[in-house]
Structures are given as C-alpha cells and as structure tokens.
Amino acid sequence: MNVQHWGTFLLILGLVQVVLAGFFLRRNKAGGRVCSGTDKEERAEGENRFWIWVGRFGSFLCVAGVIIIVIVTKT
C-alpha cells in the first residue's frame, strides 16, 4: 500500500467512527433522562463520554487522512 491509500484508509475509518459515535449518542439521548443520582444515569454518562471520544478520534483521523492525501498529491 502506498501513502495515498493509507490516507484514504484513515479518512474512511474516521468517517465510520464519527457516524457510529453520532448514532450511539443519538440513541442514548432518545430514551430520556433517568432520575438524578441513580446508577443508570452514571453508567449512561460514562458511555456517552466514551462515544464522544470515539467521535473526536474519528474526526482527527479524517483530518490526518485528508492532509496525507493532499500532501502526497501535491508532490
């Protein structure tokens, strides 16, 4: 695999992660809030934090993939 293929791979992997994170974050919010201070609420908040970081990492991969593709095509 050459460098341009790696950039494309990172771009697509990042897009998949962002879409999955958005889907799971939307699904968790649709259920409504649970009573304050319960164990379920703390668990849901921890799961939301996980998917937020998955989305952030996916967006980082997208940016890195685009930069790699642009640099390789310019040279």
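For the structure, see preceding data.
Counting restarts for each chain: residues are numbered from 1 in the order of the written sequence. Predicted model: local features are reported for residues with pLDDT of at least 70 only, side-chain atom pairs are reported and counted for 80 or more only, and whole-chain, interface and lining totals are derived from all residues. With hydrogens and water stripped out, all remaining heavy atoms of the structure feed into the side-chain values.

Caption draft 1: Representation of the overall build of the chain in the model. The helix and strand tally for the chain stands at 2 helices and 0 strands. The classification of residues rests on relative accessible area computed with a 1.4 Å probe and restricted to protein chains. Under 20% of the type maximum is buried, over 50% is exposed, and intermediate values are partly exposed. The burial tally for the chain puts 21% of its 75 residues in the buried class. Residues are treated as being in contact if the distance between any of their heavy atoms lies within 4.5 Å. Partitioning the contacts of the chain with sequence separation of at least 6, the portion at a separation of at least 24 is 82%. Strands here are runs of E lasting at least two residues and helices are runs of H or I lasting at least four, both read from the DSSP assignment and numbered beginning at the N terminus.

Caption draft 2: Seen up close, a nonpolar patch on the surface. Residues enter patches when their relative accessible area tops 30% and they take part in no salt bridge; the joining distance is 9 Å for like charges and 5 Å for the nonpolar side chains Val, Leu, Ile, Met, Phe, Trp and Tyr. For the area figures, the Shrake-Rupley method with a 1.4 Å probe applies, and any residue is considered shielded solely by the protein chains shown. By definition, a salt bridge exists where a carboxyl oxygen of Asp or Glu is found within 4 Å of a side-chain nitrogen of Lys or Arg. There is a patch of nonpolar side chains on the surface, built from Met-1, Trp-6, Phe-9 and Leu-13 and spanning about 450 Å² of accessible area. Within the secondary structure, Trp-6 is located in helix 1 (residues 3-30).

Caption draft 3: Structural view of the side chain of Gln-17. Within the secondary structure, Gln-17 sits in helix 1. Reaching out from Gln-17, the side chain makes a polar contact with the backbone nitrogen of Gly-58 at a distance of 3.4 Å. Leave out the neighbours within four places in its chain, and Gln-17 touches Val-54, Phe-57, Gly-58 and Leu-61. Throughout this description, a polar contact denotes any pair of N or O atoms lying within 3.5 Å of each other; where both atoms belong to protein, one of them has to be capable of donating a hydrogen while the other can accept it, and for residues adjacent in sequence the pair is counted only when both atoms sit in side chains.

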